[in-house]
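# A structural walkthrough
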Amino acid sequence: MELSRGELSILTNEELEKIHESSLEILCTTGIKVGHEKSLNLLAEAGADVNYEENRAKIPATLVNEALEKCPDQFTLYGRDPRYQLTFRAENPPLYFSMEGSPSNLIDLDSGEKRKATLEDLEKFYRLADALDNVNHAGCAVWPTDIPAPVSHAHVIFSGFANTTKTVDGVTRGVVHSNDALRMASVIAGSKEKLKEKPRLLGYVQSVSPLRYEKAQEEGLIAYAQARQPVIIVPWPLGGVSAPVTFAGELTQLNAEVLGDIVIAQLTNPGTPIIYGGCPTSADLQTLSSNIGGIELGLMDIGIAQLGRYYKLPTRGTAGSTDSKVLDIQAGYEKGLPLLLAALSGANLINHAIGSVESTMAASYVASIIDDEVAGMIRWLVTNQFPVNPETLALDTVDEVSSGGSFITHPHTLKHFKKLYNPKLFDKETRETWQKNGSKTTTDRARQKAKHLIDNHQPPPLDPSIESELKEIIKEIERRELS
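Residues numbered from 1 in each chain as written. Predicted model: local features only at pLDDT ≥ 70, side-chain atom pairs only at ≥ 80, totals over all residues. Heavy atoms only, no water.

### Here we look at the overall build of the protein chain
- Helix and strand content of the protein chain: 18 helices and 23 strands.
- Here the protein chain has a C-alpha radius of gyration of 24 Å; the compact-globule value for 483 residues is 23 Å, and the two agree.
- Dimensions of the protein chain, computed from C-alpha atoms along their principal axes, come out at roughly 85 × 55 × 50 Å.
- For the protein chain, the residues scored as buried account for 54% of the 483 residues in total.
- Taking all contacts inside the protein chain whose residues are at least 6 apart in sequence as the whole, residues at least 24 apart take part in 75%.
- Element-wise, carbon and sulfur atoms account for 52% of the exposed surface of the protein chain, whose accessible area totals about 21600 Å².
- Of the side chains in the protein chain, 48 bear a positive and 63 a negative charge, and the two mean positions are spaced by 5 Å. (Helix = DSSP H or I, 4+ residues; strand = E, 2+ residues; numbered from the N terminus. Rg over C-alpha atoms; globule rule 2.2 N^0.38 Å. Buried < 20%, exposed > 50% of the residue type's maximum accessible area, 1.4 Å probe, protein only. Contact = heavy atoms within 4.5 Å. Areas by Shrake-Rupley, 256 points an atom, 1.4 Å probe, with all protein chains shown as cover. Lys, Arg positive; Asp, Glu negative; His and termini not counted. Charge placed at Lys NZ, Arg CZ, Asp CG, Glu CD.)

Printed below as a string of structure tokens:
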């Protein structure tokens, strides 16, 4: 591995080229099964070999290369307050952490037991994300199960805009629900045109590995491309089950799935902002479960980041989850090590970084607090510089203190000590002091902090006229879906 400008590398330029060429071969000879007629038509009109009886498209390399040239290498996503913005770029990428990604379960803050998520829980997670320093993107941490499924998407979008000023996820499953989300975002932006100018929703599109695009996801991709909202294309292949068990094979298949959807997005609307992503996990071949807490995912995150840079695209990593059911030492290692590797890879955005447990099948308030602390440590490590100059070498200071004195009181220490990382949650006291203060564990302190933030943090409210308009849209959707 090489570390250059904070970006780890495991693949040589020749290996990246080989993966690229092999992915093009897959697209051209094997093709992609596309369960959406509009996507097939776009590909056919552009020159792809489309078999409508098999719903299969074989995409030539020329289409892929043309689509890649149309992708912007930099773009910005805006929060409800447009002053809050995230800039995604391929070169010298900033590091952003996101919340867990919409499981229907959570770990109860009081009982510690697993239960179904409610809309109230989602609101609490959004407020928590709004309050935490190292949460940059307030992803949809849980999906509410107490709202009728046909209208839950509208309540999720409203909850995000109402409970945080940070950037939020969109809804990209199906054309109707996608357009509902885009309509609500247009109200926040001021109009459809202003939404295109300053995107407010981050879309996610997943293929079904191996090499299949389902209709609902394609409808979402096209809707978001038409509205010029950024989209993360993020296959979830499972090595040994839905992809080759070898890392090179799995990464090549994933790459083909990403490239095919990039073509469809750019044929829909040239210049659609794309984030290159993926979650290539390996399977536990005894249980066939996803090994999302495994160290292998950290290695694959580096490969994904390298491929994204190869295509001059911003990238998304996946790290911070754990296969553990409790916040034990397994959770600590499975969260921390891949998260550090993903951050060092040069990824722009790391999903599932904050609050994820049980292989991304549940979210945890307590884990969110601990993960925020860890994310802060990793951000400090990745972004901190190590300057070597007369001031930092401190030869005069060493000479002065050696003649009598103390570094602790020296002006040089007072000048520079704030540059050290200062943890807000982890205990650094002596055992005696720790016992005197109640012998609280990290989990105890995190639970206490989560309760405090949920009870006391309130983001600025929505403008009353905007809130009223959004609620009217929700009523329209409820009449349409539930009547």
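### Overview of unusual backbone geometry
- Backbone torsion omega between S209 and P210 reads 5°, so that peptide bond is classified as cis.
- In this structure, P210 sits in the loop between strand 13 (201-205) and strand 14 (212-213).
- For E358, which is not a glycine, the phi torsion comes out positive at approximately 55°.

### Things to note about helix 1 (residues 13-30)
- The terminal C-alpha atoms of helix 1, which comprises 18 residues, lie 25 Å apart, in line with the 26 Å expected from a rise of 1.5 Å per residue.
- Residues of helix 1 that are buried sit in contact with strand 3 (32-34), strand 5 (56-58), helix 3 (61-70), helix 9 (247-268) and helix 10 (295-310). (Expected span 1.5 Å × (residues − 1).)

### Notes on the sheet that holds strand 10 (residues 114-116)
- Reading across from one edge, 10-9-23-22 is the order of the 4 strands in this open sheet, with mixed pairing throughout. Each of the sheet's edge strands pairs with one partner strand only, and the pair in question is strand 10 and strand 22 (356-357).
- Across 3 bridges, strand 9 (residues 105-107) lies against strand 10 in antiparallel orientation. Paired with N105 across the bridge in strand 10 is K116. (Pairing = 2+ DSSP bridges.)

### Description of the sheet that holds strand 16 (residues 238-239)
- Ordered by their spatial adjacency, 3 strands build an open sheet running 16-18-19, and the pairing between neighbours is mixed. Bordering the open sheet on either side are strand 16 and strand 19 (289-290), each of which pairs with just one other strand.
- Both strand 18 (residues 281-284) and strand 19 contribute to a ladder of 2 bridges, which runs antiparallel. Within strand 19, the position partnered with D284 by the bridge is S289.

### A closer look at a nonpolar patch on the surface
- A surface patch of nonpolar side chains, about 440 Å² in accessible area, is lined by I295, I329, Y333 and L337.
- Top element by residues in the nonpolar patch is helix 11 (residues 329-344). It accounts for 3 residues.
- When you line up the elements, I295 lands in helix 10. (Patch = residues over 30% accessible without salt bridge, like charges linked within 9 Å, V, L, I, M, F, W, Y side chains within 5 Å. Salt bridge = Lys/Arg side-chain N within 4 Å of Asp/Glu carboxyl O.)

### Structural notes on the pairing of strand 7 (residues 85-89)
- With 5 bridges connecting them, strand 6 (residues 74-78) and strand 7 associate as antiparallel partners. Across the sheet, the residue bridging to Y78 is Q85, located in strand 7.

### Observations concerning the confidence of the model for the protein chain
- Here the protein chain shows a mean pLDDT of 94. Residues at 70 or above account for 98%.
- Overall, residues 1-5 carries pLDDT values under 50, and its contacts beyond four positions in sequence, including any with other chains, amount to 9 contacts. (pLDDT = per-residue confidence, 0-100.)

### Topic: the pairing of strand 18
- Sheet topology note: the strand 16/strand 18 ladder contains 2 bridges and is parallel. Each bridged residue has a counterpart across the sheet, and for G239 the counterpart in strand 18 is S282.

### A short note on the side chain of N163
- With respect to the element layout, N163 can be found in helix 5 (residues 149-163).
- Residue N163 is classed as buried on the basis of its relative accessible area, which comes to 12%.
- For N163, the side chain forms a polar contact with the main-chain oxygen of S159, separated by 2.9 Å.
- If near-sequence neighbours (up to four positions away) are discounted, N163 is found in contact with R80, E123, Y126, R127, D130 and P459. (Polar contact = N/O pair within 3.5 Å; in protein donor to acceptor, adjacent residues only side chain to side chain.)

### Details of the packing of helix 6 (residues 175-189) against helix 8 (residues 215-226)
- Two elements in contact, helix 6 and helix 8, have axes whose closest approach is 8 Å; the angle formed by their N-to-C orientations is 30°. As judged from the angle between their axes, helix 6 and helix 8 are roughly parallel. The interaxial crossing formed by helix 6 with helix 8 has right-handed handedness. Here V175, S178, N179, A181 and L182 of helix 6 come into contact with helix 8, specifically with E219, G220, A223 and Y224. (Axes fitted to C-alpha atoms, helices over the stretch in contact; angles between N-to-C directions. Parallel < 35°, antiparallel > 145°, perpendicular 65-115°, else oblique. Left-handed = near helix turned anticlockwise from the far one by under 90°.)

### Focus: the packing of aromatic side chains
- Evaluation of the coordinates by the stated rule reveals 5 aromatic pairs.
- Ring centres of F125 and Y365 lie 4.1 Å apart, and the angle between their planes is 10°; on these two criteria the pair is classed as stacked. With F125 in helix 4 (residues 119-131) and Y365 in helix 12 (residues 365-383), this residue pair connects regions lying 240 residues apart in the sequence. Each of the two residues, F125 as well as Y365, counts as buried.
- Of the aromatic side chains, those joined through ring pairs into one cluster are F75, F88 and Y96. (Phe/Tyr/Trp six-rings, centres within 6.5 Å; stacked < 30°, edge-to-face > 60°.)

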